[in-house]
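Structural description and commentary
Okay, here's what each chain looks like letter by letter:
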Amino acid sequence: MWNVWKIWLCFGAVLLSCSGYTWPLPDQLSAAQQRELKELQEDVETEISDICCNNGLKRCCVETKKSLAERKIEEWKELIDSLKELKSTPDEEKAMKWLEEYNEELRQRQAKSAEANWAQSTNITDENAAKVVDVTMELTKWSLKKMEEGKKFDTSGFSDDVKRQFGMITKSGSSSDEEKTRKVAEIGTELEKIYSTSTACLPSGTCLKLDPDLEGILAKSRDYDRLTWAWLSWRDAVGPPMKDKYAEWVALMNEGAQENGYADKGVIWRGAYEMPNDTLEEMVDGVWEKVKPLYTQLHAYVRRKLSETYGEDKVLTTGHIPAHLFGNMWAQQWNNIYDIVVPFPDQPAIDVSDTMVEQGYDPLRMFKTAEAFFVSIGLRPMPQVFWDKSMIVRPVDREVVCHASAEDFYHDSDVRIKMCTKVNQEDLQTIHHEMGHVEYYLTYEDQKTLYRGGANPGFHEAVGDTIALSVNTPGHLKKIGLLQNIEGNQGTEFQINELLKMALSKVAFLPFGLLIDKWRWRVFSGDITPDKFNTEWWNLRMKYQGIKPPVERTDEDFDPGAKYHIPSGTPYIRYFFSFVAQFQFQQALCEEAGHDGPLHTCDIYQSKKAGAKLKNMLSMGESKPWPEAMKAITGQDKLDPSAILKYFEPLEKWLREQNKNEELGWE
């Protein structure tokens, strides 16, 4: 005897379908709605065929189908909702109730975890570190318990949204062994503490912190030997204490992954991008091959300029460049050596740091300036709790993690930024980046807790940087009163200067953003063993970046630990993704804003249309696979480097002319 829901399916068969009929997809539906309806169609037609068509109910009403095609969008929305209800079973209703309770408890636990981590980051003590370990343990144990509960549901007949949530819950890389889980948390805390509290000491006994002391030397000094000392001292301070702890951390992370059916932890990290058949590396490699020619031209030009500055005995005009000469502790961005490589020194410079000081800017005013941009495009102002609880300057009475970050506390719009702000243009850009994270948090805060995240980790990184592309244009800086005596877009020489400066930040970063996780994926897989950590690190840096260590390094050293994201265990491919995606986002938003001119001159400030398009994507959170979010903002469903290549097209053409007598590459 048929159940009631089967009768409804038969009614649906008469109304909606019969064997061989293709459902109409009216133009009024959005692409996302069409996809949703198509997915529902396929699932329901299968059930209709099995239950109704095979039981002699094959009537297909042509007029009814015709009326379906003529429905208004509101009626189609009702139809989609009714189909979801049609598919819902008592088991699914039970599952949805379980998910509702899960999401609420997850929210509360995430809030508790965020508070513990914030306390430790803004006041590094053994007591706070112990609290982080305890809270992490509680969250892990609860997640593992809920994962096992979730696996008891047969989700095969559930709606896509319910399936997605269960898929997120039942994927874990944590060990069920409580002692191992605690050890992972303890080692992670220890590694971060080593990074955040280490110093390099001069013969006089004066000890220098990474930020601002050692980073300041790398950025401003042009003394080859002093640069070598700062570069080497930092690595010698943090690397050796970390090496064995890091190897143990990797082993424990892999044990947890393997216990849950994964080959290694790297598989789980790549899984965050939901790429079929674990093809994330293949995708980013393909993107890199397309942007590599631009990087190679930039590398050759900078190499020649550095050789002219330091002498060919220190920097050859062929091969690899010493890693300590790029104005950055990690050679990841080269904008601090703009004074060395500037193409046309007589053109006016666009660095408003001195102007900011002259105009009385302080960290608070810098944050208010960033907020004003987001509000101008229709996004939310920072809530009062943001101003009450953020840490925007380095405290003088305690050790803190100065690495800038934004945090979501999962209740009452509690969002914060932690940053040791300095009054300069670079930090103004960083503030926009971090506030981009905050706007993302605020825009998707009404999503289920499971969906309170970026479409993928790279989306979160790209949002603020997209805004910064506008902020750094001369036109915008002039609008907000930070740039004077610059008229219009100036001439070709001025444009080349500005594009080169931007390339030193954006293009120079790409191979670094790629290789960090290429190294870690191979570490997790066992392809790189602890006795080869450092050798393989430098092999990748030489291969992708075309740089080399300024002094001999051995496998007794652990230079990966000198970069924050290694001891903190933060996946890094997100930054490579974001440095490409932000140009896709910018191109789409500029078109929406009606920008007329080269992409590198676009400023979306005060464009509510551009802001609405951005907000629509942000509101999706993690509720859909990232290609759908990408399509919502760009019209494309893939990571595409054509926008970044278009942005720098005038510069690449100029570089090719400058490098026509250079030996390109470094192999």
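Note that this is a predicted model, so its numbers are computed, not measured. (Residues numbered from 1 in each chain as written. Predicted model: local features only at pLDDT ≥ 70, side-chain atom pairs only at ≥ 80, totals over all residues. Heavy atoms only, no water.)

**Details of the overall build of the protein**
- For the protein, the helix and strand inventory stands at 27 helices and six strands.
- Across the 667 residues that make up the protein, the buried fraction comes to 55%.
- Intrachain contacts of the protein at a sequence separation of at least 6 include 78% that bridge at least 24 residues.
- Within the structure as shown, the protein displays about 28,800 Å² of accessible surface, and the carbon and sulfur contribution to it stands at 48%. (Helix = DSSP H or I, 4+ residues; strand = E, 2+ residues; numbered from the N terminus. Buried < 20%, exposed > 50% of the residue type's maximum accessible area, 1.4 Å probe, protein only. Contact = heavy atoms within 4.5 Å. Areas by Shrake-Rupley, 256 points an atom, 1.4 Å probe, with all protein chains shown as cover.)

**Looking at the state of the cysteines**
- Under the definition given, this model contains three disulfides.
- The disulfide partner of cysteine 201 is cysteine 207, and the gap between their sulfur atoms is 1.9 Å. One quick way to see it: the torsion about the S-S bond of cysteine 201 and cysteine 207 is about 95°, and its sign makes the bridge right-handed.
- Take cysteine 201: its relative accessible area is 41%, and that puts it in the partly exposed class.
- Residue classification places cysteine 207 among the partly exposed positions, given a relative accessible area of 36%.
- At a sulfur-sulfur separation of 2.0 Å, the disulfide partner of cysteine 590 is cysteine 602. Between cysteine 590 and cysteine 602 the sulfur-sulfur dihedral comes to about -110°; the bridge is accordingly left-handed. In this pair, cysteine 590 is assigned in helix 23 (residues 573-593) and cysteine 602 in the loop between helix 23 and helix 24 (608-619), connecting sequence segments 12 residues apart. One exposure class covers both cysteine 590 and cysteine 602, and it is buried. (Disulfide = S-S within 2.5 Å.)

**Some details on helix 8 (residues 178-197)**
- For helix 8, with 20 residues, the first-to-last C-alpha span of 29 Å sits near the 28 Å given by 1.5 Å per residue.
- All of the buried residues along helix 8 are Thr181, Val184, Ala185, Ile187, Gly188, Thr189, Leu191, Ile194, Tyr195 and Ser196.
- The distance from a side-chain oxygen at the start of helix 8 to the backbone nitrogen of glutamate 179 is 2.9 Å, and the residue carrying that oxygen is aspartate 177. (Expected span 1.5 Å × (residues − 1). Polar contact = N/O pair within 3.5 Å; in protein donor to acceptor, adjacent residues only side chain to side chain.)

**Thoughts on the packing of aromatic side chains**
- Counting across every chain of the model gives 46 aromatic pairs.
- With centroids separated by 5.7 Å and ring planes inclined at 90°, the aromatic side chains of phenylalanine 512 and tyrosine 572 adopt a geometry described as edge-to-face. Within this pair, whereas phenylalanine 512 is found in helix 21 (residues 510-525), its partner tyrosine 572 is found in the loop between strand 6 (547-548) and helix 23, the two being separated by 60 residues in sequence.
- An aromatic cluster of three or more residues is present, and its members are Tyr246, Trp249, Trp269, Trp519, Phe524, Phe533, Trp537 and Phe558.
- Over the ring of tyrosine 361 we find arginine 365, and its NZ or CZ is 3.9 Å from the ring centre.
- For arginine 416, the ring lying beneath its charged end belongs to phenylalanine 409, and the centroid distance is 3.5 Å. (Phe/Tyr/Trp six-rings, centres within 6.5 Å; stacked < 30°, edge-to-face > 60°. Lys NZ or Arg CZ within 6 Å of the ring centre and 35° of its normal.)

**A word on the UniProt feature "binding site: chloride" (unreviewed entry) in the protein**
- Using the residue numbers shown here, the UniProt feature "binding site: chloride" (unreviewed entry) corresponds to Tyr273 and Arg574. In sequence the annotated residues extend across 302 residues, while in space they remain close, none of their C-alpha pairs exceeding 9.4 Å.
- Positionally, tyrosine 273 belongs in the loop between helix 11 (265-271) and helix 12 (280-310).
- Given the relative accessible area of 3%, tyrosine 273 is considered buried.
- Residues within four places of tyrosine 273 in sequence aside, it is in contact with Leu280, Asn456, Pro457, Gly458, Ile573, Arg574, Phe577 and Trp626.
- Dropping the residues within four chain positions of it, arginine 574 is found in contact with Tyr273, Pro457, Gly458 and Glu461. (UniProt positions renumbered as here; feature names shortened; annotations may be inferred.)

**Things to note about the nonpolar core**
- Counting 157 residues, the largest nonpolar core has Leu298, Val302, Leu306, Phe459, Trp519 and Phe648 as the members making the most contacts within it.
- Here this core takes 13 residues from helix 12, the largest share from any one element.
- In this view, phenylalanine 648 contacts Leu294, Leu499, Met502, Ala503, Lys506, Val507 and Phe583; residues no more than four positions away in its chain are not counted.
- Ranked by size, the runner-up nonpolar core spans 14 residues in total, among them Trp142, Phe153, Phe158 and Leu450. (Core = buried A, V, L, I, M, F, W, Y, C linked by side-chain atoms within 4.5 Å.)

**As for the side chain of threonine 369**
- One can find threonine 369 in helix 15 (residues 363-376).
- Look at threonine 369 and you get buried, because its relative accessible area is 17%.
- If sequence neighbours within four positions are ignored, threonine 369 has contacts with Tyr361, His432 and Ile480.

**A short note on the pairing of strand 4 (residues 405-408)**
- Pairing between strand 4 and strand 5 (residues 415-418): four bridges, direction antiparallel. The partner of aspartate 408 across the bridge, within strand 5, is valine 415.
- Between the antiparallel neighbours strand 4 and strand 5 lie six residues, among them tyrosine 410 with a positive phi of about 65°. (Pairing = 2+ DSSP bridges.)

**Let's talk about the UniProt feature "binding site: Zn(2+) 2" (unreviewed entry) in the protein**
- Residues annotated in UniProt with the feature "binding site: Zn(2+) 2" (unreviewed entry) correspond here to His433, His437 and Glu461. These annotated residues cover 29 residues of sequence, but their C-alpha atoms sit close together, with the largest distance between any two at 7.5 Å.
- Inspection of the secondary structure assignment puts histidine 437 in helix 17 (residues 425-443).
- With near-sequence residues (within four places) excluded, histidine 437 lies in contact with Ala406, His460 and Glu461.

**Some points on the environment of glutamate 149**
- Relative to the elements of secondary structure, glutamate 149 occurs in helix 6 (residues 126-150).
- Taking the C-alpha atoms as reference points, glutamate 149 and tryptophan 98, separated by 51 residues in sequence, lie 9.6 Å from one another.

**Some words on the pattern of salt bridges**
- Applying the stated criterion to the full structure yields 43 salt bridges.
- Lysine 518 is paired through a salt bridge with glutamate 281; the nearest N and O atoms lie 2.7 Å apart. One end of the pair, lysine 518, is in helix 21; the other, glutamate 281, is in helix 12, and 237 residues separate them in sequence.
- Notably, a salt bridge pairs aspartate 517 with arginine 520, separated by 2.8 Å at the nearest N-O pair. In this pair, aspartate 517 and arginine 520 both sit in helix 21, three residues apart, roughly one turn of the helix.
- On the accessibility criterion, aspartate 517 (1% relative accessible area) is buried.
- A relative accessible area of 0% places arginine 520 in the buried class. (Salt bridge = Lys/Arg side-chain N within 4 Å of Asp/Glu carboxyl O.)

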